[in-house]
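What the coordinates show
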Amino acid sequence: MNPLKGIISVPRRTMVAFALVAVLMGLAIVGQSYLIVDIVDRIFLKEADFKSILPMMWLLLGLLLLRVATTYWNGRLGAKTAADIKQELREKLLAKYTRTPVASAISGQSGEKVSVLLDAVDEMDSYYSQYLPKVVQTTIVPLMVLVVAFSYDLYTGLIMMITAPFIPLFYIIIGIMTQKRADAQLEKMTAFSGKFLDTLQGITTLKLFGRARREEQAIEASSHAFRDATLAVLKIAFLSSLMLEFISMLSMGLIALEVSLRLILFQSITFFPAFLMLVIAPEYYLALKEMGAAFHTGRGSVAAAKRIASELSAEERTVAFGKLELEADGPPEIRLDDVSFTYGESFALRDIEMKIRPYEKVALIGKSGAGKSTVLQLLAGLADPLSGEVRIDGRKRHDYAEASWFKRLSYISQHPYLYAGTLADNIAIGDLRTSSRAEIEEAGRRAGLAELASTLPEGYDTLIGEGGRGLSGGEKQRVALARAFLKQPDIILFDEPTTGLDVRTERLLREAMEELGRRATVVTVAHRLHTVRKVDQIFLLDAGSLIDAGTHEELLGRSEAYREMTKVGGGVAK
Ligand code: ADP
Ligand code: MG
């Protein structure tokens, strides 16, 4: 029943606690019934005086309180278990998403991810907070009641035993029926929230292209589908609780009939056991019905659990790192040794060979989609090759500790990430302790941010990133450059902006890169002729393969593809 088996488990201690609480509850229920019957028996049949039963009344009160307390404990324990497990699941999902930053950020709707993280995990709540404790409780309590029934009246015990399987049997059938609906419901919800978020993120684009109206209709259709799926599940749930009620009423009626016939007609049973049977029978069926109800709540979670399980077990592309420290004396030599990589069916890098010597300036060029950014990510250690090796000074990259590698590296992607904070925070990336304000501003100045800072209302203290002032793509890259100036890395990986730079910004970026490159190896995904003219090596990529490598002059001389590329409007890629 639990698809998360093997992924997450409830601690044994918790299960024991559930069982203990259930036994206490069973004792309270049985004791309470027994006392009620005994008190009635004494007062009405044995005509005992009130004083003699007073202690029993106190005991009864105590048992009633115990019953309330066990219900409370059961709920509390369930809620706590659910909270712990949900946190563990969220941590696992988060860890999984952050272990595969490049792959998971790009593949799949981000709205869907949010949905798995929040909604599907929340759906698991009822499994642990209600289903699990109830299942323990409703197996133990009826068993205890059954023992009492058998020891006082064989026939009632038999009726209880024979009718009991109908209830679980019934909800197994119902369960199978609802399973598909619950799956469908969850699927609709995931689709709905995914659609919603992705539409929101793309709203400007949609507006620009006059598609907003169509998306609105799509969202409406998606929300209606979700509503219908929810109602279908509810319908079955209501129907099934009616049927469960019916079965238990019928069984209790049967017991009442049997007991009263034997009490009045055949006089083969005395008042005490007969009354006791009538009092405990409802408790018995109540427990079984609760199990049925819990079962339904549990079913809903199974669909969610499957979703989480599949997300967690989805193929992972972890990036391997080892323990070795990278010695820090200038840039290392970097080699791609017969490296292959794939994003699944759609795209594959094949047999990439590259050797980048210390302080070299290298350009990666090729058409859009050729795999340039992917090579950069492999070099950065943000993705691991499928086969082949990335070698640093001759050693496998994953022999080195992650931190010692990333410390030496600046990776300036086309869309650098800004987090919510001030411009200064973003330059120092949380490293405000080690960098002085003067250093931060100097790095900003070198990266060409001085002018921007002077136009911002609070200069370097202006809030940018999420929730703050938005920056343009070029400005973001300059923030990333400023980070590099502060870090003074040995290796700089730079994904040049494709378009939309004015001449001045272009010059700024170029000068900044030149300055940074004085003490570092620089690998640039290049789109501009001036970038490739001066570099030591140009790697020409096409559809995932390295088709040529050399200097500008060499390639001009021998590569038709290169001449083709450099000819068009001064750019080297489209
Ligand atoms: P370039 O930078 O040369 O334009 P990329 O390296 O970004 O090319 O991408 C190469 C190919 O791989 C493209 O077809 C792109 O759509 C695909 N791709 C890139 N990233 C992913 C990803 N995370 N998942 C699936 N496909 C991807
Ligand atoms: Mg790219």
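An account of the accompanying structure is given in this report.

Rules behind the numbers
Residues numbered from 1 in each chain as written. Chains lettered and ligands numbered in written order. Predicted model: local features only at pLDDT ≥ 70, side-chain atom pairs only at ≥ 80, totals over all residues. Heavy atoms only, no water. Helix = DSSP H or I, 4+ residues; strand = E, 2+ residues; numbered from the N terminus. Buried < 20%, exposed > 50% of the residue type's maximum accessible area, 1.4 Å probe, protein only. Contact = heavy atoms within 4.5 Å. Areas by Shrake-Rupley, 256 points an atom, 1.4 Å probe, with all protein chains shown as cover. Near = heavy atom within 4 Å. Polar contact = N/O pair within 3.5 Å; in protein donor to acceptor, adjacent residues only side chain to side chain. Salt bridge = Lys/Arg side-chain N within 4 Å of Asp/Glu carboxyl O. Axes fitted to C-alpha atoms, helices over the stretch in contact; angles between N-to-C directions. Parallel < 35°, antiparallel > 145°, perpendicular 65-115°, else oblique. Left-handed = near helix turned anticlockwise from the far one by under 90°. Nonpolar A, V, L, I, M, F, W, Y, C, P; charged D, E, K, R; others polar. Core = buried A, V, L, I, M, F, W, Y, C linked by side-chain atoms within 4.5 Å. Patch = residues over 30% accessible without salt bridge, like charges linked within 9 Å, V, L, I, M, F, W, Y side chains within 5 Å. Pairing = 2+ DSSP bridges. Phe/Tyr/Trp six-rings, centres within 6.5 Å; stacked < 30°, edge-to-face > 60°. Expected span 1.5 Å × (residues − 1).

**Here we look at the overall build of the protein**
Helix and strand counts for the protein come out as 20 helices and 12 strands. Burial statistics for the protein: of 574 residues in total, 47% are counted as buried. Counting contacts in the protein only where the partners sit at least 6 residues apart, residues at least 24 apart contribute 78% of the total. Accessible surface computed for the protein: about 28900 Å², of which carbon and sulfur atoms make up 61%.

**Details of the site of ligand 1**
Near ligand 1 lie 12 residues; those nearest to it are G369, G371, K372, S373 and T374. At 2.4 Å, a side-chain N or O of T374 approaches an oxygen atom of ligand 1. Here ligand 1 has 560 Å² of accessible area as a free molecule, and 70% of this is covered by the chains. Going through the elements one at a time, α3 (101-106) and α11 (372-380) are the ones with two or more residues in the shell around ligand 1.

**Description of the pattern of salt bridges**
Opposite charge on two side chains permits pairing when their charged atoms draw close. Under the defined criterion, the tally for this structure stands at 31 salt bridges. The salt bridge partner of R504 is E451, with a shortest N-O separation of 2.9 Å. One end of the pair, R504, is in helix α17 (residues 503-517); the other, E451, is in helix α15 (residues 450-455), and 53 residues separate them in sequence. The class of R504 is partly exposed, set by a relative accessible area of 43%. What you see here is one network of salt bridges that share partners, running through K86, R90, D122 and D125.

**Quick notes on the environment of V141**
One can find V141 in helix α5 (residues 125-152). The spacing of V141 and L24 is 117 residues in sequence and 9.1 Å in space, taken between C-alpha atoms.

**Considering the packing of helix α6 (residues 154-163) against helix α9 (residues 212-265)**
Between two packed helices, the angle of one axis relative to the other and the distance separating the axes together describe the packing. α9 packs onto α6 with a crossing angle of 165° between their chain directions and a minimal axis gap of 10 Å. Regarding the angle of α6 to α9, the classification is roughly antiparallel. In this structure, α6 meets α9 at a crossing whose hand is right-handed. Facing Y155, T156, I159, M160 and T163 of α6, the residues of α9 in contact are S251, L254, I255, E258, V259 and R262. In terms of residue class, the contact of α6 with α9 is built from 6 nonpolar, 3 polar and 2 charged.

**Concerning the nonpolar core**
The biggest cluster of nonpolar side chains holds 62 residues, and the ones touching the most others in it are Y128 and M160. Mapped by element, the contributors of at least two residues to this core are α1 (12-45), α2 (50-99), α4 (110-123), α5, α6, α7 (166-201), α9 and α10 (271-313). Here this core takes 18 residues from α10, the largest share from any one element.

**Let's talk about a nonpolar patch on the surface**
The grouping of L154, Y155, L158, M161, I162, F166, L169, I173 and M177 at the surface amounts to a nonpolar patch, some 900 Å² of accessible area in total. Every element with two or more residues in the nonpolar patch is listed here: α6 and α7. Among the elements that take part in the nonpolar patch, α6 stands out by supplying 5 residues, more than any other. Tracing the chain through its elements places L154 in helix α6.

**Section: the pairing of strand β12 (residues 545-550)**
Inspection of the sheet shows strand β11 (residues 537-542) paired to β12 by 5 bridges, in the antiparallel sense. The residue bridging I538 from the neighbouring strand is G550, located in β12. Count of turn residues in the β11/β12 antiparallel hairpin: 2 residues, of which A543 carries a positive phi of about 45°.

**Comments concerning the packing of aromatic side chains**
The full count for this structure, using the stated rule, is 9 aromatic pairs. When the centroid spacing of 4.9 Å and the interplanar angle of 75° are considered together, the rings of Y127 and Y128 count as edge-to-face. Here Y127 matches Y128 in class, with each residue buried. Between the aromatic rings of Y284 and Y285, the centroid separation amounts to 5.0 Å while the plane-to-plane angle is 85°, which identifies the pairing as edge-to-face. You can call Y285 buried: its relative accessible area is 0%.

**Here we look at the side chain of S404**
Looking at the element boundaries, S404 is found in helix α12 (residues 402-406). Here L324 takes part through its backbone oxygen, which lies 3.5 Å from a polar atom of the side chain of S404. Ignoring sequence-local partners within four residues, the contact set of S404 consists of L324, E325 and L326.

**Re the side chain of S435**
The residue S435 is located in the loop between α13 (423-428) and α14 (437-446) in this model. Excluding residues that lie within four positions of it along the chain, S435 makes contacts with A428, I440 and L486.

**As for α9**
Given a rise of 1.5 Å per residue, 54 residues ought to cover 80 Å, and the 78 Å separating the end C-alpha atoms of α9 matches this to within 8%. At the C-terminal side of α9, Q267 shows a positive phi close to 50°.

**Section: the environment of W405**
Relative to the helices and strands, W405 is located in helix α12. Note on W405: relative accessible area 0%, which makes it buried. C-alpha of W405 to C-alpha of E327: the two residues are 78 residues apart in sequence and 9.7 Å apart in space. Among the polar contacts made by the side chain of W405, one reaches the main-chain carbonyl oxygen of A380 at a distance of 2.9 Å.

**With respect to the packing of helix α16 (residues 473-487) against α17**
Orientation of α16 relative to α17, taken along the N-to-C sense of each, is 20°, at an axis distance of 11 Å. When the interaxial angle is binned, α16 and α17 end up roughly parallel. Like other packed secondary-structure pairs, α16 and α17 cross with a definite hand, here left-handed. For the pair α16 and α17, the contacting residues are Q477, R478, L481, A484 and F485 in the first and T505, L508, L509, A512, M513, E515 and L516 in the second.

Function cannot be inferred from these measures alone, as they are strictly geometric.
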